[in-house]
Protein chains: 6
Amino acid sequence: MNPNDFKEGFQAREEVLGKENVENFIANTNDFNRSFHELAMKYCWGDIWNRPGLDRKTRSLVNIALLTALNYQHELKIHLDGAIRNGCTKIEIEEVLLQCAVYCGVPAAGNSIATAMEYFNSKETND
Amino acid sequence: MNPNDFKEGFQAREEVLGKENVENFIANTNDFNRSFHELAMKYCWGDIWNRPGLDRKTRSLVNIALLTALNYQHELKIHLDGAIRNGCTKIEIEEVLLQCAVYCGVPAAGNSIATAMEYFNSKETND
Amino acid sequence: MNPNDFKEGFQAREEVLGKENVENFIANTNDFNRSFHELAMKYCWGDIWNRPGLDRKTRSLVNIALLTALNYQHELKIHLDGAIRNGCTKIEIEEVLLQCAVYCGVPAAGNSIATAMEYFNSKETND
Amino acid sequence: MNPNDFKEGFQAREEVLGKENVENFIANTNDFNRSFHELAMKYCWGDIWNRPGLDRKTRSLVNIALLTALNYQHELKIHLDGAIRNGCTKIEIEEVLLQCAVYCGVPAAGNSIATAMEYFNSKETND
Amino acid sequence: MNPNDFKEGFQAREEVLGKENVENFIANTNDFNRSFHELAMKYCWGDIWNRPGLDRKTRSLVNIALLTALNYQHELKIHLDGAIRNGCTKIEIEEVLLQCAVYCGVPAAGNSIATAMEYFNSKETND
Amino acid sequence: MNPNDFKEGFQAREEVLGKENVENFIANTNDFNRSFHELAMKYCWGDIWNRPGLDRKTRSLVNIALLTALNYQHELKIHLDGAIRNGCTKIEIEEVLLQCAVYCGVPAAGNSIATAMEYFNSKETND
């Protein structure tokens, strides 16, 4: 996968998810997942995350809500990191998850609260 | 259902969903749905929508995302009205739905785009 | 579709959903949906609703919860009728939906509360 | 929305969903839904439905399964028409829905069976 | 988190999920999850699980169904323990999961059957 | 559990999921899961996977789509093995998952892409 073919996507992804995430992404691209990686790079990162109509901080909060509603905890962990990089505070993340408790149910929010605790703990250990 | 027992909830609901919505809500409360209405009033409106940690405009965008992910179109229509009242622009709503297209799939976003078109059309007719 | 081939299923279905529901079911069976109708008759009615390990009243409450979680409102309406026939009270149905509000989210429960209101209203008009 | 900008997408869409669907799609594009329509046209039609690795007939059956699992009945109706155009038989569609009954539950399949009945009935009336 | 502020909730939770669960819950409460824990304590435990209109044994069976439909296996494990404490038999739990197989699909039920096997095995080892 | 009682189901399961899977299935049947195993054997394997109206290769692709939409990754791994045994190519599996990206969202497809990578890697190590 050639980063030059997806320049705008790679730049947005690096800004949101960090350099290490992008390096792993390139290293893990292979024959089987290449088309999926390219699709994600083009539509998700090159397109959505670069659109000017909504700031990235709000997009991160929206994403935390969506990933909670759909219960994609692995992806959520990655986007919690993106949320912090995009300037979301711990309190704003907590508030989105409280809102999810009411709109998606307590177990949905509870799963994401647990993932967020794990993320914040590992981050504080590493910092 | 006595509005005096849920003052904070009623105030938040009226500010977000409007006076007519609250009047209908009270008029439609009966023996069967009273406990549910009280729970929604306390939990949703008295609690979540009054919390200071996240502004109501962002909560509206988060709600549009959640209701799209879970495909609750009736509730979405009500919250599109709340979003406009909370200061969201048509462009911000569109951007959230585009983000949903990538994270929840094109049909999920398509349903909500159709609901939003209906809402905006009926609003323009009424204004 | 020959009721004699699915005797146990037809009996359970008639006991739970009523004679009219079964007559419509037979009348609406055609080349396209026959295998689906047979599968539902065998699997759902002949098997699950005839199992002795759980009383039908509890099965009805469980079904109301499942159909709320999955947001199948058309099917829910049919099973609200079954629940009443199986001896569930309006209060027990309300309690299951309140429990859904906390475990599946307020909009999920709200949809089913609205369906239940419609069902109870049409029933009282017909009675 | 200029069809010349999305030639491959428009061609695939017309081949699968028919000329009338494409004409309605263009006529219904407006300021609010333009970006969503463009994304769907590029991503869905220009990209996925034109990929050579899987024949369109199988893609149609996969889509019927996905739309049943997610309960998007409006979109399903459109794709039932696409499935017929892509060479799927009524029996193959029925078989996919029977498989959904076992893997997604009987109410999920029941909803789609009802939508398919409606679609086939309206089609036979029009033919 | 002060148990005196949520007395009714703590009592219900201890009766259903046991003393150890409550002690862990208090020990694991921190700045990030406090509001979520308080919300769960108030609405879930103080309110729903204390309501008189439905016995706790039936609530447990309803919860097993809901958590299966939504595939929250971690929460399910906790509520299997609550179900036993509320007087549900292994057979009643099995019956609810069989009903889920038909209404939510075989893989949904299969996941919960596996979680229940794990729970019953670990319980028998500990007893 | 007596394989002679479910001959057609056992044969289909062995043909699709392999001898080892069937041996484990029998060895893991116990008092708690027997009825569920019998139900799965009768409806899933004895019935659906033996129906003549749709070839097993297409059924496998449909199943990969359904399990992705519903996010049942454990079951998906088992059915990836079945898909290979039913003659699906790696490219066809990849194409179904790309289609899921558009119809169920990028995180849904991403989870299944990761599961497929794991499956293909472990398979190549074992071969």
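Note that the structure is predicted; figures quoted are calculated from it, not measured.

### A short note on the overall build of chain A
At step 1: Regarding its fold elements, chain A presents seven helices and zero strands.
At step 2: Secondary structure elements of chain A, listed N to C terminal, follow the sequence α-α-α-α-α-α-α.
At step 3: On C-alpha atoms alone, chain A measures out to a radius of gyration of 15 Å, which is about the 14 Å that the 2.2 N^0.38 rule sets for 127 residues.
At step 4: Judged by the C-alpha coordinates and their principal axes, chain A covers about 40 × 35 × 25 Å.
At step 5: Burial analysis of chain A (127 residues in total) assigns 62% to the buried set.
At step 6: Long-range contacts, defined here as pairs at least 24 residues apart, represent 68% of the contacts in chain A between residues at least 6 apart.
At step 7: A total accessible area of about 4900 Å² is found for chain A, and carbon and sulfur atoms account for 45% of it.
At step 8: Of the side chains in chain A, 13 bear a positive and 18 a negative charge, and the two mean positions are spaced by 3 Å.

### A look at the relation of the copies chain B and chain A
At step 1: Rotating chain B by 180 degrees and translating it 0.0 Å along the rotation axis places it on chain A, where the RMSD comes to 0.0 Å. Each copy turns onto its partner about a two-fold axis. No C-alpha of chain B lies nearer the rotation axis than that of B:Val62, which sits 2.6 Å from it.
At step 2: Most of the interface of chain B is mirrored in chain A, where 100% of its interface residues again form contacts.

### Things to note about the interface of chain C and chain E
At step 1: Every contact between the two is made by 28 residues of chain C and, on the other side, 30 residues of chain E.
At step 2: For the pairing of chain C and chain E, the buried interface totals around 2800 Å² over both sides, and the portion due to carbon and sulfur atoms is 67%.
At step 3: Contact with chain E buries area across many residues of chain C, yet C:Glu95, C:Gln99 and C:Tyr103 alone supply 26% of it, more than any other trio.
At step 4: Counting every contact that joins chain C to chain E gives four salt bridges.
At step 5: C:Arg59 is paired through a salt bridge with E:Glu95; the nearest N and O atoms lie 2.5 Å apart.
At step 6: Counting residues per element, the side of chain C that touches chain E draws most heavily on helix α6 (residues 90–104) of chain C, which supplies ten residues.
At step 7: Taken together, the residues of the side of chain C that touches chain E sort by class into 18 nonpolar, five polar and five charged.

### Comments concerning the domain arrangement of chain A
Residue and element names in this part refer to chain A.
At step 1: The assigned domain composition of chain A is domain 1 (1–51) and domain 2 (53–127).
At step 2: Here domain 1 and domain 2 have C-alpha centroids that lie 21 Å from each other.
At step 3: Contact with domain 1, which involves twelve residues of that partner, is made by twelve residues of domain 2.
At step 4: Each partner contributes to the roughly 930 Å² buried at the junction of domain 1 and domain 2, and carbon and sulfur atoms together form 50% of this total.
At step 5: Run the count over domain 1 and domain 2 and you get one salt bridge.
At step 6: Note that Glu 15 is salt-bridged to Arg 56, the shortest N-O span being 2.5 Å.
At step 7: Counting across the domain 1 and domain 2 interface gives seven residue pairs in polar contact (both at pLDDT 80 or more).
At step 8: In terms of residue count, helix α1 (residues 7–17) provides more of the side of domain 1 that touches domain 2 than any other element does, five residues in total.

### A closer look at the UniProt feature "domain: Carboxymuconolactone decarboxylase-like" (unreviewed entry) in chain A
At step 1: Per the UniProt annotation, the sites labelled "domain: Carboxymuconolactone decarboxylase-like" (unreviewed entry) are residues 36–114 of chain A.
At step 2: Secondary structure across residues 36–114 of chain A divides into 80% helix and 0% strand, with the first and last C-alpha atoms of the span separated by 29 Å.

### Section: the packing of aromatic side chains
When we look at a pair of aromatic rings, we describe it by the centre distance and by the angle of the planes.
At step 1: One pass over the structure, following the stated rule, counts 27 aromatic pairs over all chains.
At step 2: Pairing C:Trp45 with C:Trp49 gives two aromatic rings, centres 5.2 Å apart and planes at 20 degrees, and the pair type is stacked. Across the pair, exposure class does not vary: C:Trp45 and C:Trp49 are buried alike.
At step 3: Chaining the aromatic ring pairs together yields one cluster made of A:Phe32, F:Tyr119 and F:Phe120.
At step 4: Just above the ring of C:Phe25 sits the side chain of C:Arg13; from NZ or CZ to the centre is 4.0 Å.
At step 5: Lying across the ring of F:Phe120, F:Lys90 places its NZ or CZ 4.8 Å from the centre.

### A few points about the relation of the copies chain C and chain E
At step 1: For the match of chain C to chain E, the screw axis carries a shift of 0.0 Å, the RMSD comes to 0.0 Å, and the turn is 180 degrees.
At step 2: A high fraction, 100%, of the interface residues of chain C reappear at the interface in chain E, so the copies pair face to face through one surface.

### Things to note about unusual backbone geometry
At step 1: Of note in the backbone geometry, B:Asn71 takes a positive phi value of approximately 60 degrees without being a glycine.
At step 2: Relative to the helices and strands, B:Asn71 resides in the loop between α4 (56–69) and α5 (73–85).

Thresholds, definitions, all that
- Residues numbered from 1 in each chain as written.
- Chains lettered and ligands numbered in written order.
- Predicted model: local features only at pLDDT ≥ 70, side-chain atom pairs only at ≥ 80, totals over all residues.
- Heavy atoms only, no water.
- Helix = DSSP H or I, 4+ residues; strand = E, 2+ residues; numbered from the N terminus.
- Rg over C-alpha atoms; globule rule 2.2 N^0.38 Å.
- Buried < 20%, exposed > 50% of the residue type's maximum accessible area, 1.4 Å probe, protein only.
- Contact = heavy atoms within 4.5 Å.
- Areas by Shrake-Rupley, 256 points an atom, 1.4 Å probe, with all protein chains shown as cover.
- Lys, Arg positive; Asp, Glu negative; His and termini not counted.
- Charge placed at Lys NZ, Arg CZ, Asp CG, Glu CD.
- Least-squares fit on C-alpha atoms with pLDDT ≥ 70 in both.
- Buried area = accessible area lost by both parts, 1.4 Å probe.
- Salt bridge = Lys/Arg side-chain N within 4 Å of Asp/Glu carboxyl O.
- Nonpolar A, V, L, I, M, F, W, Y, C, P; charged D, E, K, R; others polar.
- Domains from an automatic or database assignment.
- Polar contact = N/O pair within 3.5 Å; in protein donor to acceptor, adjacent residues only side chain to side chain.
- UniProt positions renumbered as here; feature names shortened; annotations may be inferred.
- Phe/Tyr/Trp six-rings, centres within 6.5 Å; stacked < 30°, edge-to-face > 60°.
- Lys NZ or Arg CZ within 6 Å of the ring centre and 35° of its normal.

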